[in-house]
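Observations on chain architecture
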Amino acid sequence: MDGFTVMPIRKAARIGDFFCTLTGNINVIRREHFMIMKDGAIVANSGHFNVEIDIPALERMSTKKRRVRDFVDEYTLKNGRKIYLFGCQETGRWAKWLESSIWRPFWKNLQARKRIWAKVSPHTGEAIESRLIGEMPGADRSLISPLEGWEDLMITGRLQLGERRIEPGDVVFCVSASGESPAVIGTIYEALDQWTRRYPYDAPKIQQKLFFFFNNPEEVLLPFDRCQAVLEEPGITKIDLTT
């Protein structure tokens with residue numbers, strides 16, 4: 001941390017304006033820290049799970065909660081100070097949300113519109129609403145409690161792809177915010193291996209099925225062997241979201 005002031009959260013809470021957790025631990029910011037924060041302090045999480053911030057404690061401490069804009073909630077504490085909580089999510093939970101809140105409701109609503117569905121259904125096949133699966137390292141278990149180490153093992157991604165019965169030819173989107181999550185890289189490589197075990201290696205064809213999204217400059221990721229392997233694999237379509 002050369003060049004940065006490092007201190008315990010109990011000390012930083014009094015003087016900070018913006019707090020962002022990236023620890024993978026639970027209750028990193030909790031009641032005693034909210035109590036001494038400045039009026040207008042911003043709290044956000046970019047770690048594995050939203051349990052890094054003790055949101056239930058913040059709810060109990062507040063006399064009022066107001067949505068001020070998308071993914072931003074304003075909490076008014078009993079002492080009159082306001083704390084702003086920015087959307088606490090991560091890419092795995094976003095994948096779950098995409099499946100349950102957009103994909104499945106869209107097809108179910110369309111099926112309810114009989115005249116339109118009669119025209120669409122011949123082109124979709126059966127059970128189209130179940131043909132998209134949103135997954136995260138640790139699967140549904142990670143929605144219940146924080147599980148240390150799930151993202152740190154490539155085998156996690158490989159095994160989960162098999163558990164979900166993803167087959168060669170299925171479209172696989174793998175999203176790693178950092179671009180170096182071992183479990184996500186394991187997933188995309190298992191999908192690639194599935195293809196090559198059943199079909200001849202054909203990079204242009206495989207590219208149409210396998211996609212790897214990341215949000216870090218390539219020059220930052222290339223020194224890491226696992227990242228380099230993905231970035232230089234012709235059979236994987238890479239989409240760099242770095243801004």
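Position numbers for residues count from 1 along each chain, tracking the sequence in the order it is written. Totals for whole chains, interfaces and linings use all residues, but because this is a predicted model, local features are given only for residues with pLDDT of at least 70 and pairs of side-chain atoms are given and counted only at 80 or more. Remark: hydrogens and water are excluded; side-chain values derive from all non-hydrogen atoms of the structure.

What to know about the packing of aromatic side chains
The following threshold applies: The pairing test for Phe, Tyr and Trp rings, Trp by its six-membered ring, is centres within 6.5 Å, and the orientation test on the planes gives stacked under 30 degrees, edge-to-face over 60, and tilted for anything in between. Note on conventions: DSSP H or I runs of at least 4 residues are helices, E runs of at least 2 residues are strands, and numbering of each starts at the N terminus. Only protein chains enter the accessibility calculation, which uses a 1.4 Å probe; a residue is then buried when its area is under 20% of its type maximum, exposed when over 50%, and partly exposed in between.
Evaluated as defined, the whole model comprises seven aromatic pairs. Relative to W107, the ring of W103 lies with its centre 5.8 Å away and its plane at 65 degrees, an arrangement referred to as edge-to-face. Residue W103 and its partner W107 are located together in helix α4 (residues 91-112), separated by four residues, close to a single helical turn. Looking at W107, the relative accessible area reads 12%, which means it is buried.

Some details on the nonpolar core
Inclusion rule: We define a nonpolar core as any set of buried Ala, Val, Leu, Ile, Met, Phe, Trp, Tyr and Cys residues linked to one another through side-chain atoms lying within 4.5 Å. The criterion used for residue contact is that any of the two residues' heavy atoms lie within 4.5 Å.
Ranked by size, the top nonpolar core spans 20 residues in total, and within it V172, I188, L210, F212 and V230 carry the most contacts. Looking at this core, the elements with two or more residues in it are β6 (172-176), α8 (182-198), β7 (210-214) and α11 (225-231). The leading source of residues in this core is α8, at seven residues. Residue contacts for I188: discarding those within four places in its chain leaves V172, C174, L210, F211, F212, V230 and I236.

Some remarks on α8
Applied cut-off: Here a helix's expected span is defined as the number of its residues, less one, multiplied by 1.5 Å.
Given a rise of 1.5 Å per residue, 17 residues ought to cover 24 Å, and the 24 Å separating the end C-alpha atoms of α8 matches this to within 8%. The buried fraction of α8 is high, at 13 of 17 residues.

Section: the environment of C174
Examined against the element boundaries, C174 turns out to sit in strand β6. Each C-alpha atom, one on C174 and one on L210, is 8.0 Å from the other, the two residues being 36 residues apart in sequence. C174 has contacts with V184, T187, I188, F211, F212 and F213, leaving out every residue within four places of it along the chain.

Describing the packing of helix α7 (residues 154-163) against α8
Going by this rule: Interaxial angle, 0 to 180 degrees, is taken between N-to-C directions of lines fitted to C-alpha atoms, where a helix line uses only the stretch in contact. An angle counts as roughly parallel when it lies under 35 degrees, as roughly antiparallel when it exceeds 145, as roughly perpendicular when it falls between 65 and 115, and as oblique in every other case. Crossing handedness: left-handed means the near helix sits turned counterclockwise from the far one by under a right angle, and right-handed means the same turn made clockwise. Under the convention adopted here, Pro, Cys and the residues Ala, Val, Leu, Ile, Met, Phe, Trp and Tyr are nonpolar, Asp, Glu, Lys and Arg are charged, and Gly plus all remaining residues are polar.
It is at 6 Å that the axes of α7 and α8 come closest, and there the two elements cross at 45 degrees. When the interaxial angle is binned, α7 and α8 end up oblique. Crossing handedness for the pair α7 and α8: right-handed. Across the interface between the two elements, M154, T156, G157, R158 and L161 of α7 pack against P182, A183, I185, G186, T187, Y189, E190, A191, D193 and Q194 of α8. When grouped by side-chain class, the residues that make up the contact of α7 with α8 number seven nonpolar, five polar and three charged.

What to know about the confidence of the model for the chain
Which entries qualify depends on this criterion: For every residue, the predictor states its confidence as a pLDDT score lying anywhere from 0 to 100.
Predicted confidence across the chain gives a mean pLDDT of 85, with 87% of residues reaching 70 or more. The least confident element of the chain, judged by mean pLDDT, is helix α6 (residues 141-144) at 48; the most confident is helix α2 (residues 31-34) at 96. Note that pLDDT drops below 50 for residues 142-146; the model gives that stretch 12 contacts with residues more than four away or on any other chain.

Notes on the pairing of β6
In regular strands, side chains alternate between the two faces of the sheet. As a reminder, the rule being used: Strand pairing is assigned whenever DSSP identifies at least 2 bridges connecting the two strands.
In β6, alternate side chains face the same way, and those of V172, C174 and S176 are buried while those of F173 and V175 on the opposite face are not. As paired strands, β6 and β7 are joined by five bridges and run parallel to one another. Considered in β7, the bridge of S176 is made with F214.

Let's talk about the side chain of T76
With respect to the helices and strands, T76 occurs in strand β4 (residues 72-77). For T76, the contacting residues outside a window of four places in its chain are S62, T63, K64, R81 and K82.

Quick notes on the sheet that holds strand β8 (residues 237-240)
Spatial ordering of the open sheet is given by β6-β7-β8, a layout of three strands whose pairing is parallel. Here the strands that pair on one side only, and so sit at the sheet edges, are β6 and β8. For this sheet the average axis-to-axis angle between neighbouring strands, irrespective of direction, equals 20 degrees.

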